[in-house]
Amino acid sequence: MHLSSVSCQLERHLLLMELKLAFVGFGNVARAFARVLHDCRSQLADEYDLSWKATAIATASHGCVTSTKGIDLLKAAECVEHRSNLAELPETVSLTNSLAVIEACHADILFETTPLNIIDGEPSVTHVRSALARGINVVTANKGPLAFAYCELKSLAAKRGLSFRFEGTVMDGAPVFNLVEECLPGARVIGFSGVLNSTTNLILTEMERGRSFEESLADARRLGIVEANADYDIDGWDAAMKAVALANVLMDANASPADVIRKGIRQITNEELESAARSGMAVRLIARGKASDTGLRLNVSPEAVAVNSALGSARGTSSVLVLETDLMGQIAIVESNPGIKQTAYALLSDMMKIGAILTGSLELHS
């Protein structure tokens, strides 16, 4: 290899922005993201001048560790999947809990992917708040912080000059928030309707084929798309939280899950689905939000919609969101049969946006 080539590669290495990453929660989504990071390492360096190092991982069942040398995320994923303790990883220091990890991680970005809590959004809200207070940018796939504390956390991030990003909270990796933020300047979102919960949509479309509720739910579990508590999906809580997140972020609302009129799919029968199909209709769990002179109305419930409509066409794990805007009319976003890798991509896209801000190639918008 010529000396000039070696010099060029060394110079490029020195120009790379190294992002220090910490993880609170290391479940299916975070582990899928860990593998995406590994696979994309060269692309991030070559095309975006970004490198990364994992400095901390906090879990509820497999220990909490930090490392100044860097944590091998693939080995960490294997450790969790084999039900071992992360403390077994080389050159790591064990800590007692997630908040201790946030305090000690010295990270540029915290990825918060703990399970959803529909009561108050904790401990996710506290994790995000604590990280921002310590000067750490945050990426979350948890809807809790948006549903229970979005205004507070957005304000805190703005005051600290930090990013608080959450593309993975609604429709996996589909660009919902990014679409409005980047592509609809001057337009106002005044309403939305969507099939936003993959678990219930898979159950309903499998039941349309004659399968039982229990068999269809088991399929969703095997795909890894069910919330830790399946009732959150079945009873409409997940969709309600997403509705609140959309309203708070896209419509400048200050809503909470208690504001959502909610009904799940638990009582839907195969006979109802068959009857709807004979009429050219499909039953879907629809989340709706609409601003009016009397205020904001949010509701989640099963509805019979035309099978050839945007909402009725969503089958399996597919999702659809129709945004109603003042200047652009209706815009539909369709995500076809996503898996966990699509949510992992949302974390990657948010990380890259923060990386671009930190390198000065993109302006931070508050």
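Parameters at a glance
Residues numbered from 1 in each chain as written. Predicted model: local features only at pLDDT ≥ 70, side-chain atom pairs only at ≥ 80, totals over all residues. Heavy atoms only, no water. Pairing = 2+ DSSP bridges. Helix = DSSP H or I, 4+ residues; strand = E, 2+ residues; numbered from the N terminus. Axes fitted to C-alpha atoms, helices over the stretch in contact; angles between N-to-C directions. Contact = heavy atoms within 4.5 Å. Buried < 20%, exposed > 50% of the residue type's maximum accessible area, 1.4 Å probe, protein only. Parallel < 35°, antiparallel > 145°, perpendicular 65-115°, else oblique. Nonpolar A, V, L, I, M, F, W, Y, C, P; charged D, E, K, R; others polar. Salt bridge = Lys/Arg side-chain N within 4 Å of Asp/Glu carboxyl O. pLDDT = per-residue confidence, 0-100. Phe/Tyr/Trp six-rings, centres within 6.5 Å; stacked < 30°, edge-to-face > 60°. Core = buried A, V, L, I, M, F, W, Y, C linked by side-chain atoms within 4.5 Å.

(A) Structural context of the sheet that holds strand β12 (residues 319-325). Taken in spatial order, the 6 strands of this open sheet run β9-β11-β10-β8-β12-β13, and their pairing is mixed. Since the sheet does not close on itself, it has two edges, and those belong to β9 (260-262) and β13 (329-335), each with one partner. Averaged over all pairs of adjacent strands, the angle between strand axes in this sheet comes to 20°, irrespective of strand direction. Bridge count between β9 and strand β11 (residues 295-306): 3 bridges; the pairing is parallel. From the neighbouring strand, Val 260 faces β11, where its bridge partner is Leu 298.

(B) Structural detail: the sheet that holds strand β7 (residues 164-165). Taken in spatial order, the 7 strands of this open sheet run β4-β3-β2-β1-β5-β6-β7, and their pairing is mixed. Both edges of this open sheet fall to β4 (93-95) and β7, since each of them pairs with a single strand only. Sheet strands touched by helix α5 (residues 124-133): β1 (17-24), β5 (109-112), β6 (137-140) and β7. Its angle to β5, the strand with the most contacts, is close to 180°. Sitting on the sheet, helix α13 (residues 340-358) is in contact with β1, β2 (50-58), β5, β6 and β7, with an inclination near 165° to β6.

(C) Region of the structure containing the side chain of Ser 301. Along the chain, Ser 301 turns up in strand β11. Residue Ser 301 is classed as buried on the basis of its relative accessible area, which comes to 18%. For Ser 301, the contacting residues outside a window of four places in its chain are Lys 263, Arg 284, Leu 285 and Ile 286.

(D) Structural context of the packing of α5 against helix α6 (residues 144-160). Look at α5 against α6: their axes get within 10 Å of each other, and the N-to-C directions meet at 5°. Our classification of the angle between α5 and α6 gives roughly parallel. Across the interface between the two elements, Ser 124, Val 125, Val 128, Arg 129, Leu 132 and Ala 133 of α5 pack against Gly 144, Pro 145, Phe 148, Ala 149, Glu 152, Leu 153, Leu 156, Ala 157 and Arg 160 of α6. When its residues are assigned to classes, the contact of α5 with α6 shows 10 nonpolar, 2 polar and 3 charged.

(E) Examining the pattern of salt bridges more closely. Following the criterion strictly, the structure yields 20 salt bridges and no others. Notably, a salt bridge pairs Asp 235 with Arg 266, separated by 2.9 Å at the nearest N-O pair. Of this pair, Asp 235 sits in the loop between α10 (231-234) and α11 (237-250) while Arg 266 sits in the loop between β9 and α12 (270-278), and the two are 31 residues apart along the sequence. A residue is classified by how much of its surface remains accessible, and Arg 266, at 39% relative accessible area, is partly exposed. A network of salt bridges, in which partner residues are shared, links Glu 206, Arg 209, Arg 211, Asp 219 and Arg 222.

(F) The confidence of the model for the chain, seen in detail. Here the chain averages 93 in pLDDT, while 95% of its residues score no lower than 70. Low pLDDT, under 50, characterises residues 6-10; the predicted model gives this stretch 2 contacts beyond four residues in sequence or across chains.

(G) Molecular detail of the packing of aromatic side chains. One pass over the structure, following the stated rule, counts 8 aromatic pairs. Taken together, a centroid distance of 6.5 Å and an interplanar angle of 35° make the contact between Tyr 150 and Phe 164 tilted. Residue Tyr 150 is located in helix α6, and its partner Phe 164 is located in strand β7; the two are separated by 14 residues in the primary sequence. Using a relative accessible area of 9% as the deciding quantity, one classes Tyr 150 as buried.

(H) View of the nonpolar core. Judged by nonpolar contacts, the single largest core of 76 residues is most densely connected at Phe 164, Phe 192, Leu 246, Leu 250, Leu 321 and Leu 323. For this core, the element with the highest residue contribution is α11, accounting for 10 residues. If you look at the next biggest cluster of nonpolar residues, it comprises 36 residues, including Phe 23, Ala 54, Val 65 and Met 352.

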